[in-house]
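A closer look at the structure
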Amino acid sequence: MRCTVLGAGSWGTALASLLAGKGYTVTVWDKDPGVLDDIAKNHRNERYLPGTALPPSLNASKDVQKALEGAELVVVAVPSHAV
């Protein structure tokens with residue numbers, strides 16, 4: 001199953017990591033390119049989950065349309081004030 005998680009804070013990253021660990025294809029999107037670069041290049045999110053290794057299969061995209069393309073499951077994990 002192809003999944004997209006909108007929001008790469010601690011909650012969104014934890015959910016994305018759990019889904020990727022279960023073998024799903026997961027892409028996370030966020031408005032912060034620095035967080036997305038850290039996830040994509042280092043398989044970490046040091047800003048929100050310092051010291052936590054993320055599955056290498058977890059993808060990150062700066063383009064929300066590309067992140068949502070073909071998704072069968074979309075998880076909205078952005079803070080309520082950001083919606």
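The coordinates are above.
Residues numbered from 1 in each chain as written. Predicted model: local features only at pLDDT ≥ 70, side-chain atom pairs only at ≥ 80, totals over all residues. Heavy atoms only, no water.

**Brief notes about helix α2 (residues 33-42)**
Short version of the rule: Classification of residues uses two cut-offs on accessible area relative to the type maximum, computed with a 1.4 Å probe and protein chains only: under 20% is buried, over 50% is exposed, and between them is partly exposed. Note on conventions: DSSP H or I runs of at least 4 residues are helices, E runs of at least 2 residues are strands, and numbering of each starts at the N terminus. What the arc covers is the set of directions going from the helix axis to the C-beta atoms. Polar contacts here mean pairs of N or O atoms no more than 3.5 Å apart (in protein, one a potential hydrogen donor and the other a potential acceptor; neighbouring residues in sequence count only if both atoms are side-chain atoms).
Burial in α2 covers these residues: Val-35, Leu-36, Asp-38 and Ile-39. Within α2, the buried residues cover an arc of 160° as seen down the axis, which keeps them to one side. Two or three places before Gly-34, at the opening of α2, Asp-32 has a side-chain oxygen 2.9 Å from that residue's backbone nitrogen. His-43, located one to two residues past α2, shows a positive phi value of around 55°.

**Overview of the nonpolar core**
Applied cut-off: Definition used in this section: a nonpolar core is a set of buried Ala, Val, Leu, Ile, Met, Phe, Trp, Tyr and Cys residues joined via side-chain atoms within 4.5 Å. Should any heavy atoms of two residues lie within 4.5 Å, those residues are counted as being in contact.
Core analysis: the biggest nonpolar cluster contains 15 residues, and Val-5, Ala-8, Ala-16, Val-26, Val-28, Ile-39 and Leu-58 have the highest contact counts within it. Elements represented by at least two residues in this core include exactly β1 (2-6), α1 (10-21), β2 (25-29) and α2. Per element, the largest residue contribution to this core is 4 residues, and it comes from α1. Residues contacting Val-28, with those up to four places away along its chain left out, are Val-5, Gly-7, Ala-8, Ala-16, Leu-36, Ile-39, Asn-59, Ala-60 and Ser-61.

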